[in-house]
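# Architecture at a glance
The primary structure of each chain is shown beneath.
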Amino acid sequence: MTGDGTANRRQFLRFLAASPLLPSGLSTDSLSRIFFGRDPERALDSVFQEPALITAPEQALNVMDFEPVARNAIPPAHWAYLATGVDSDGTVRANREGFSRFALRPRRLRDVSVIDTTTRVLGASWETPIFLSPTSSGKAFHPDGEMAVARAALAKGYHLVLSTVATSSIEEVTEARGAPVWFQLYPTNDWDVARAMVQRAERAGSPALVVTVDLKEGSNRETEVRGARADTRQCTACHDSDRYANRMRRKPMFSGLDLSRVTALHPPVLTWESIKRIRDMSRMKVILKGILTKEDAALAVRHGIDAIVVSNHGGRAEDANRSTVEALPEVLEGAAGRMPVMIDGGFRRGTDVFKALALGARGVGIGRPYLWGLGAFGQPGVEMVLELLRRELKTIMRQSGTRSIAEIDRGFVIRRS
């Protein structure tokens, strides 16, 4: 270009923006990145693949469309807590990358005019094998918190697991869900506190206790720390130097309990003997969440555990850089068909769910996606996330030639070499 290069460049970009050969809505800034940026090929890909933020739940094409909207709506420190893994967040990424290591083997010429997603888990009938994993502090992402999630679960027929550190009580959530929910337990280091919470969950009608075993105090959550530093709000009303007692007093499941001896939510002394002690506290079924090896799965069978959830806490425990879907086959081997094996960690698509079911999982949990929906639009956002996942699961079931969850087996998936 000669003469006034900036003016000539601007005129050239305006000409390109009007071209019918390019997608509508491309700005001159976008085109400038493509033609004059340092990495034109990457810029072109980002322009074509990254849509404008949705402004209503029904505009979403997939659950990932809710993530940037939620990020804009949620305070920086709360967003960082939601997004964080540990260390370099490698395991968070690994959970997503793991699905690409498995390919599908669809079958043809089958009547798939009717698709049935119902299944049975521990004697209960579920409308879908997808369930809502326990997540903490729902009101950090939206004022309605877990109540909006529970109402969305009722509207869409999803099973729900409530966290020990939820910001709504199990009684409130059970009423909003319209059915009993499973209770996830952080036992703390005080057995009196653990027993009180277990008995409260049992009185509320919870049929199962989900004991998280994959987390110890002191995980290195760098993304969370960086986000907190970037948050300029005054947060001392919720966060102060008394790390455990005051934080837990704000959680309804600890209401009325003596917390003077509690020094850890995730005690390092939790062992198989501790699990036996928890089992003896109630008649609820006991599920271990956080098993990743065949050895521990075999020990769970030996100790009479009712079910397992293959989980790495969404990449928030240790930075093992191994996805849960890749750990699933060996956990199933250790369980040897003696108990249901479920899974969570990185599920974003119906095809992800299908692959886990084909490998042998009985149920698939989601966490961050429904919190994106919650943070972006409240209950309607959660409902749309659940609707999209159910829709995608039914689509891949139809395309693969499976009419029911029971028909999905190992023959429909293969490990990539």
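Residues numbered from 1 in each chain as written. Predicted model: local features only at pLDDT ≥ 70, side-chain atom pairs only at ≥ 80, totals over all residues. Heavy atoms only, no water.

### Observations regarding the packing of aromatic side chains
Using the criterion set out here, one finds 5 aromatic pairs in the structure. Their ring planes at 85° and their centres at 6.2 Å tell us that F354 and F412 sit as a pair that is edge-to-face. One end of the pair, F354, is in helix 15 (residues 350–359); the other, F412, is in the loop between helix 17 (379–400) and strand 12 (413–415), and 58 residues separate them in sequence. Here F354 and F412 have matching classes, each one buried. In textbook terms, an aromatic cluster arises when at least three aromatic residues are bridged by ring pairs, as seen for W126, F131 and W182. (Phe/Tyr/Trp six-rings, centres within 6.5 Å; stacked < 30°, edge-to-face > 60°. Helix = DSSP H or I, 4+ residues; strand = E, 2+ residues; numbered from the N terminus. Buried < 20%, exposed > 50% of the residue type's maximum accessible area, 1.4 Å probe, protein only.)

### Re the nonpolar core
Counting residues in each nonpolar core, the largest one holds 101 residues, and the members touching the most others are F66, L132, L328, I343 and L393. If one sorts the elements of this core by residue count, helix 17 sits on top with 9 residues. Once residues lying within four places of it in the same chain are set aside, the contact partners of F66 are I54, P57, A60, W372, G373, A376, F377, G381, M384, V385 and L388. In this structure, W126, W182, A307 and V309 belong to the second largest nonpolar core, which totals 11 residues. (Core = buried A, V, L, I, M, F, W, Y, C linked by side-chain atoms within 4.5 Å. Contact = heavy atoms within 4.5 Å.)

### Let's talk about unusual backbone geometry
Positive phi, close to 55°, is recorded for L109, a residue that is not glycine. Residue placement: L109 occurs in the loop between strand 1 (102–104) and strand 2 (119–121). Among the residues examined, L109 registers a relative accessible area of 90% and is labelled exposed. Its identity as a non-glycine residue notwithstanding, L122 has a phi of 50°, on the positive side. Relative to the assigned elements, L122 resides in the loop between strand 2 and strand 3 (124–126). When its relative accessible area of 23% is taken as the criterion, L122 is described as partly exposed.

### Considerations on the side chain of R348
Positionally, R348 belongs in the loop between strand 10 (341–344) and helix 15. Not counting chain neighbours up to four residues away, the residues in contact with R348 comprise V63, M64, R96, R368, P369, W372, L389 and E392.

### Overview of the environment of P57
With respect to the helices, strands and loops of the structure, P57 is situated in the loop between helix 3 (40–49) and helix 4 (66–73). Taking the relative accessible area as the measure of exposure, P57 reaches 10% and is therefore buried. Along the chain, P57 and P380 lie 323 residues apart, while their C-alpha atoms are 6.6 Å from each other.

### Observations regarding the sheet that holds strand 5 (residues 159–162)
Strand order in the closed barrel formed by 8 strands is 4-5-6-7-8-9-10-11, and the pairing between neighbours is parallel. Averaged over all adjacent pairs, the angle separating strand axes in this sheet is 30°, with direction ignored. Together, strand 8 (285–291), strand 9 (307–310) and strand 10 form the strand contacts of helix 14 (residues 324–335), whose direction differs from that of strand 10 by roughly 165°. (Pairing = 2+ DSSP bridges. Axes fitted to C-alpha atoms, helices over the stretch in contact; angles between N-to-C directions.)

### Digging into the environment of K355
Checked against the element boundaries, K355 lands in helix 15. Its relative accessible area of 11% is what places K355 among the buried residues. Each residue touching K355, except ones within four places of it in the same chain, is listed here: F99, F102, L104 and V413.

### A short note on the environment of D306
Mapping D306 onto the fold places it in the loop between helix 13 (294–302) and strand 9. The class for D306 is partly exposed, based on a relative accessible area of 22%. Remark: the alpha-carbon pair of D306 and I287, spanning 19 residues in sequence, is separated by 5.7 Å. At 2.8 Å, the side chain of D306 and the backbone nitrogen of V286 are in polar contact. (Polar contact = N/O pair within 3.5 Å; in protein donor to acceptor, adjacent residues only side chain to side chain.)

### A look at the pattern of salt bridges
Counted by the stated rule, this structure contains 18 salt bridges. With a shortest N-O distance of 3.0 Å, E326 and R415 are connected by a salt bridge. Placement of the pair is E326 in helix 14 and R415 in strand 12, with a sequence separation of 89 residues. For E326, a relative accessible area of 16% gives the class buried. Here R415 falls in the partly exposed class, since its relative accessible area comes to 41%. (Salt bridge = Lys/Arg side-chain N within 4 Å of Asp/Glu carboxyl O.)

Structural measurements only, silent on function.
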